[in-house]
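# What the coordinates show
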Amino acid sequence: MTVRTEEVPVVATHDLYLYGLVLGDARLPSGLTGIAGGPVRSEPLGSLRAVVSDAPSDREVGLPDDVRDHARVLDAVAGAVPVLPVQFGTLATAGGLEEAVPADRQDRRAADLRALEGAVQLTVSARYREEAVLAELVAEDAEIRHLRERTRGRDEMATYDERIRLGELVVAGFDARRPGDAALLARTVAPFARATSDHEVTRTGDVAELALLVRREDVEPLEDALETLAAQVADRMVVRLVGPQAAYDFAEEV
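The subject of this paragraph is a negative patch on the surface. Residues E220, E223, D224 and E227 make up a contiguous surface patch of negative charge. You can see E223 is positioned in helix α7 (residues 219-232).

Right under this line is the structure:
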């Protein structure tokens, strides 16, 4: 007896890696590659488009290089059009993008993107030249000057308490300078920022770090203003500007 079998069509399903969402008429930068070197493209998602590439077929996503590639793609797209970041490591099956971003959330995401039109995120930071500020403290504070002389070249254990006190005074000196210098940075960028977000600084030498939402036409004037500031404070601070970036600080991550 012969058993007849019907061939069942095989539907190819491959995983897509999601970077972010853009408006439906957005055009991505050409030649952009993502995780594992996969070409980046956009796929329709209701009134939006999802920025995707094919996920690696031979391994899971999660390497440090993958994290960097995820951010690099988002920042490259943000340089051209508004983009909402998708959480790192988000995968979807081909044809299953709606599972990652359901229809009831798409209108809200479209509104978020329209609110970002014409603007980019930039991040500005300032950091002390620690030796220069330490020299200021030594010149201004007699106790710091005395303790530096007392501990220089002497056994660490024998001068342990003095070194602790010296460290406390130096940290306090940096802390006392930080508010004024941070305010100077904030005043410099204020005329060019639609919105700002303060990032917490944790190292002794950090002055401030600010995320800025800036109109595209104001990016160059902002750069000019920061170059002027950097030249004025070059002997004691380093000012750094990074961007354009995806609007991590001004839009909810998908």
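A few words now on the packing of aromatic side chains. The way to describe two aromatic rings as a pair is by their centre distance and the angle between their planes. Enumeration over the complete set of coordinates arrives at three aromatic pairs. Seen from their ring centres, Y128 and F174 are 5.6 Å apart, and the 65° between their planes marks the pair as edge-to-face. Residue Y128 is located in strand β6 (residues 119-128), and its partner F174 is located in helix α6 (residues 160-189); the two are separated by 46 residues in the primary sequence. Residue Y128 is classed as buried on the basis of its relative accessible area of 4%. Taken together through their ring pairs, the aromatic side chains of Y17, Y19 and F88 make up a single cluster.

It is worth spelling out helix α4 (residues 130-140) at this point. Buried within α4 we find V133, L134, L137 and V138. Taken down its axis, α4 places every buried residue within 145° of arc, on the same side. Seen from the open side of α4, the exposed residues pointing more than 90 degrees away from its buried face are A139 and E140. Looking at the buried positions of α4, the neighbouring elements they touch are β6, α5 (142-151) and α6.

Pairing is antiparallel across the open sheet formed by four strands, whose spatial order is β7-β8-β6-β9. Across the chains shown, the open sheet's two edge strands, defined by having one partner strand only, are β7 (193-199) and β9 (237-245). The average undirected angle you get between the axes of adjacent strands in this sheet is 20°. Bridging between β6 and strand β8 (residues 206-215) involves nine bridges; their strand directions are antiparallel. Paired with T123 across the two strands is A211, which belongs to β8.

Once that is clear, we can look at the packing of α5 against α6. In contact at an axis separation of 10 Å, α5 and α6 are set at 145° when each is read in the N-to-C sense. In this structure, α5 meets α6 at a crossing whose hand is left-handed. Residues E143, I144, L147, R148, R150 and T151 of α5 form the contact with α6, whose own contacting residues are E162, R163, R165, L166, L169 and V170. Here the residues of the contact of α5 with α6 are counted per class, giving five nonpolar, one polar and six charged.

The next point concerns the environment of G37. If you trace the backbone, G37 turns up in the loop between β1 (15-23) and β2 (41-45). Note: C-alpha distance between G37 and Q245 (208 residues apart in sequence) is 20 Å.

Tallied over the entire structure, the rule returns 18 salt bridges. Measuring nitrogen to oxygen at the nearest pair gives 3.5 Å for the salt bridge that ties R109 to D112. Of the two residues, R109 and D112 are both situated in helix α3 (residues 103-116); the distance of three residues between them amounts to about one turn of the helix. What emerges from the salt-bridge pattern is a single network uniting E136, E140, R177, D181 and R236.

Cut-offs used in this document
Residues numbered from 1 in each chain as written. Predicted model: local features only at pLDDT ≥ 70, side-chain atom pairs only at ≥ 80, totals over all residues. Heavy atoms only, no water. Patch = residues over 30% accessible without salt bridge, like charges linked within 9 Å, V, L, I, M, F, W, Y side chains within 5 Å. Areas by Shrake-Rupley, 256 points an atom, 1.4 Å probe, with all protein chains shown as cover. Salt bridge = Lys/Arg side-chain N within 4 Å of Asp/Glu carboxyl O. Lys, Arg positive; Asp, Glu negative; His and termini not counted. Charge placed at Lys NZ, Arg CZ, Asp CG, Glu CD. Helix = DSSP H or I, 4+ residues; strand = E, 2+ residues; numbered from the N terminus. Phe/Tyr/Trp six-rings, centres within 6.5 Å; stacked < 30°, edge-to-face > 60°. Buried < 20%, exposed > 50% of the residue type's maximum accessible area, 1.4 Å probe, protein only. Arc of directions from axis to C-beta. Contact = heavy atoms within 4.5 Å. Pairing = 2+ DSSP bridges. Axes fitted to C-alpha atoms, helices over the stretch in contact; angles between N-to-C directions. Left-handed = near helix turned anticlockwise from the far one by under 90°. Nonpolar A, V, L, I, M, F, W, Y, C, P; charged D, E, K, R; others polar.

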